[in-house]
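Examining the three-dimensional arrangement
The primary structure of each chain is shown beneath.
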Amino acid sequence: HAALAAVHAYRDHPDTGAYLEQGGAMRTVVLEAKDEVSLLDLVQILRQNSIEHCLWTEHPEGIPTCLALRPYPKDQVQRLLRNFRLLQ
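What comes next is a walk through the structure.

Scoring rules and cut-offs
Residues numbered from 1 in each chain as written. Predicted model: local features only at pLDDT ≥ 70, side-chain atom pairs only at ≥ 80, totals over all residues. Heavy atoms only, no water. Helix = DSSP H or I, 4+ residues; strand = E, 2+ residues; numbered from the N terminus. Core = buried A, V, L, I, M, F, W, Y, C linked by side-chain atoms within 4.5 Å. Buried < 20%, exposed > 50% of the residue type's maximum accessible area, 1.4 Å probe, protein only. 1 Å grid on protein atoms, 1.4 Å probe; cavity = no way out; pocket = protein on both sides within 12 Å on 5 of 7 lines; lining within 4 Å. Points joined across faces, edges and corners; volume = space filled by probe spheres on them. Nonpolar A, V, L, I, M, F, W, Y, C, P; charged D, E, K, R; others polar. Expected span 1.5 Å × (residues − 1). Arc of directions from axis to C-beta. Contact = heavy atoms within 4.5 Å.

**Focus on the environment of Gln48**
Relative to the helices and strands, Gln48 is located in helix α3 (residues 36-48). Spatially, the C-alpha atom of Gln48 lies 24 Å from that of Tyr19, the residues being 29 residues apart in sequence.

Spelled out as structure tokens, the structure:
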């Protein structure tokens, strides 16, 4: 849900359009946050660095469960995500 929300929210951004134009060649990286605190800490880091994203919160529980960045070139966001590992 978070990835679709991010694509929808930033659908007019040129990077989003370029990503969607790739069709079957689109690549998405899924990283794992170890807990809610690390997820919310990442939200703050992204905000401080003006990185556009959507935080997904489960309802009715009100629990933040994941976030998705809008499509970005890897070199623009990789350093901010280096503490997260690929989801296994």
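Having seen it, we continue.
**Concerning the nonpolar core**
The tendency in soluble globular proteins is for nonpolar side chains to be buried side by side. The biggest cluster of nonpolar side chains holds 11 residues, and these are Leu39, Leu42, Val43, Leu46, Ile51, Leu67, Tyr72, Val77, Leu80, Leu81 and Phe84. In terms of residue count, α3 provides more of this core than any other element does, four residues in total.

**Here's the deal with the layout of surface pockets**
Estimates place the volume of the largest pocket at around 1200 Å³. Thr28, Val29, Val30, Leu69 and Leu81 are the residues nearest the centre of the largest pocket, which is lined by 36 residues in total. Split by residue class, the lining of the largest pocket holds 23 nonpolar, five polar and eight charged.

**Brief notes about α3**
For α3, built from 13 residues, the straight-helix expectation of 18 Å at 1.5 Å per residue is met to within 8% by its first-to-last C-alpha distance of 19 Å. Taken residue by residue, α3 has Ser38, Leu39, Leu42, Val43 and Leu46 as its buried positions. Seen from one end, α3 has its buried residues packed into an arc of 150 degrees, which puts them on one side. Away from its buried face, by an angle of more than 90 degrees, α3 presents the exposed residues Val37, Arg47 and Gln48. Residues of α3 that are buried sit in contact with β2 (53-58) and β3 (63-69).

**What about the environment of Ala3?**
Within the secondary structure, Ala3 is located in helix α1 (residues 2-9). Residue classification places Ala3 among the partly exposed positions, given a relative accessible area of 47%. Sequence separation between Ala3 and Arg47 is 44 residues; the distance between their C-alpha atoms is 17 Å.

**Overview of unusual backbone geometry**
That bond from His59 to Pro60 is cis: its omega, 10 degrees, falls within 30 degrees of zero. Mapped onto the elements, Pro60 comes out in the loop between β2 and β3. The residue Ser50 is not glycine, and still its phi comes out positive at about 55 degrees. Locating Ser50 in the fold gives a position in the loop between α3 and β2.

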